[in-house]
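Tertiary structure, described
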Amino acid sequence: MIAAVTRGKPGTAMQGFANTLNKEEIEAVVDFVRREFMQNKAPNTAYHTKENGWPNHRQYAPAFPFALGQIALDEPVDNLTEQQRLGRRIFMQSCVTCHDRGRVHDEGVIWDPRPVSFPRNRYSHRAPEASTPTDVTSSATPYARHEQAPVLNNPTPREREGERLFQQNCAFCHAPDGTGKNWIGSFLEPHPRNLTDPENMREMTAERLRGVIRNGLPGTTMSAWKSVLSPSQINSIIAYINKAFYPIRNLQGKKENGGLDR
Ligand code: HEC
Ligand code: HEC
């Protein structure tokens, strides 16, 4: 407090008093504020007084527990007495503007990163600009950059085939860049796995990839592809994931050991 009075609080209306008061005076005024306002709290220093326009503050007593955080504002109504329900109503009508809320059980979602709308007017990030009207709202999104497939360096025919199959079948959810951070991927719960994230991919083997792609992950939107894609096509996708997104362990081994056997 002495520092605040001496130097002020930059960026606020609180100015420093070093040029106005000497050291002893600053100490004296801080002592006074601490003793009278913070320790003794004399009734006439309260905010809710007749002088401040709050005659008979006690009449709002049922709302006090909500102002003081003794009862959470989102306490289920069924748990409240008649008196407490009245207090909650008063609080919401007349007190919440200044008191915000004393306490809640559930802080709720402060910032939800999920998108709230689909592309408008059939706008596509992928279509060449000339063929679709530019939508200034949709195109200026963080999703657009995940709509680009990586450029492959010297791909084998198998990797090329995998690229085509992945971009046709998987990119819709996992994003062309494999991150799952495209528009649709951001909607899905759980999110499609980020196939470029070392956290997810470090332990990934060709064998596990094959199993997941063949059988899907029950309870998620990751469906089983075994009746859609042939074993060879699935191998091509694995080769593509290895090339484009993250190096897969034991990829080069014999088929019996989980490799692609090529
Ligand atoms: C215009 C702003 C404002 C409104 C509206 C307001 N308060 Fe306050 N209230 C304050 C301030 C400022 C304090 C003092 C905070 C402190 O000293 O930390 C306070 C303190 C309190 C306290 C604790 C100290 C005391 O005097 O008992 C209670 C309880 C309280 N308010 C209840 C209420 C209730 C109930 C309502 C609605 C009927 C309400 N307040 C509406 C600004 C407001
Ligand atoms: C309809 C959306 C959707 C499509 C299409 C889709 N996936 Fe998935 N995929 C998901 C979701 C969601 C998860 C994450 C599930 C989870 O976290 O439990 C997932 C998870 C995965 C995983 C991680 C498995 C693990 O064990 O970590 C791989 C690999 C994968 N998908 C590959 C593919 C491939 C390859 C294709 C195309 C053949 C594809 N997915 C198509 C939604 C999709």
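Residues numbered from 1 in each chain as written. Chains lettered and ligands numbered in written order. Predicted model: local features only at pLDDT ≥ 70, side-chain atom pairs only at ≥ 80, totals over all residues. Heavy atoms only, no water.

Quick word on the coordination of the iron atom of ligand 1
- With distances of 1.9 to 2.0 Å, the protein atoms coordinating the iron atom of ligand 1 are His48 (NE2) and His99 (NE2).
- Because the angles between the six donor atoms bound to the iron atom of ligand 1 fall within 87 to 180°, the donor set is best described as octahedral. Taken as a pair, His48 in the loop between α2 (23-40) and α3 (64-67) and His99 in helix α4 (residues 82-99) lie far apart in primary sequence, 51 residues in all.
- Judged by relative accessible area, which is 24%, His48 ranks as partly exposed. (Donors = N, O, S within 2.8 Å, 3.2 Å for Na, K, Ca; no water. Tetrahedral: all angles 85-135°; square planar, octahedral: opposite > 155°, others 65-115°. Helix = DSSP H or I, 4+ residues; strand = E, 2+ residues; numbered from the N terminus. Buried < 20%, exposed > 50% of the residue type's maximum accessible area, 1.4 Å probe, protein only.)

Examining the site of ligand 2
- Taken together, 21 residues are adjacent to ligand 2, and Cys170, Cys173, His174, Arg193 and Met222 come closest.
- Take Arg193: an N or O atom from its side chain is 2.5 Å from an oxygen atom of ligand 2.
- Between ligand 2 and the protein, one listed contact pairs an oxygen atom with a side-chain N or O atom of Arg208 at 2.9 Å.
- Given that more than half its atoms are within 2 Å of the pocket grid, ligand 2 belongs to the largest pocket.
- The element contributing the most residues to the shell around ligand 2 is helix α10 (residues 206-215), with four residues.
- Looking at the shell around ligand 2, its residues break down into 14 nonpolar, five polar and two charged. (Near = heavy atom within 4 Å. Polar contact = N/O pair within 3.5 Å; in protein donor to acceptor, adjacent residues only side chain to side chain. 1 Å grid on protein atoms, 1.4 Å probe; cavity = no way out; pocket = protein on both sides within 12 Å on 5 of 7 lines; lining within 4 Å. Sits in = over half its atoms within 2 Å of the grid points. Nonpolar A, V, L, I, M, F, W, Y, C, P; charged D, E, K, R; others polar.)

Some details on the site of ligand 1
- Around ligand 1 sit 13 residues in total, of which Tyr47, His48, Cys95, Cys98 and His99 are the nearest.
- One nitrogen or oxygen atom from the side chain of His48 is found 2.7 Å from a nitrogen atom belonging to ligand 1.
- Within the side chain of His99, a nitrogen or oxygen atom sits 2.8 Å from a nitrogen atom of ligand 1.
- Taken atom by atom, the bulk of ligand 1 overlaps the second largest pocket.
- For the shell around ligand 1, the secondary-structure elements that each account for two or more residues are α3 and α4.
- Considered class by class, the residues forming the shell around ligand 1 number nine nonpolar, four polar and no charged.

Topic: the layout of surface pockets
- Estimates place the volume of the largest pocket at around 520 Å³.
- Together, 25 residues line the largest pocket, and His174, Arg193, Val212, Leu217 and Met222 are the ones closest to its centre.
- At the level of secondary structure, the elements contributing two or more residues to the lining of the largest pocket comprise α6 (157-169), α7 (171-174), α10 and α11 (231-244).
- Looking at the lining of the largest pocket element by element, the count peaks at four residues for α10.
- Residues of the lining of the largest pocket, tallied by class, amount to 17 nonpolar, six polar and two charged.
- If you add up the space inside the second largest pocket, you get close to 360 Å³.
- If you list the elements that add at least two residues to the lining of the second largest pocket, you get α3 and α4.
- Counting residues per element, the lining of the second largest pocket draws most heavily on α4, which supplies six residues.
- The class makeup of the residues in the lining of the second largest pocket is 10 nonpolar, five polar and one charged. (Points joined across faces, edges and corners; volume = space filled by probe spheres on them.)

Details of the pattern of salt bridges
- With the rule as written, the count across this model stands at seven salt bridges.
- Among the salt bridges present, the one from Lys243 reaches Glu159, with a minimum N-O distance of 3.9 Å. Placement of Lys243 in helix α11 and of Glu159 in helix α6 is noted, with a sequence separation of 84 residues between them.
- Glu159 gets classed as buried once you look at its relative accessible area, which sits at 6%.
- Between Glu163 and Arg160 there is a salt bridge, with the nearest N and O atoms lying 2.5 Å from each other. You can see Glu163 and its partner Arg160 sitting in helix α6, three residues apart, about one turn around the helix. (Salt bridge = Lys/Arg side-chain N within 4 Å of Asp/Glu carboxyl O.)

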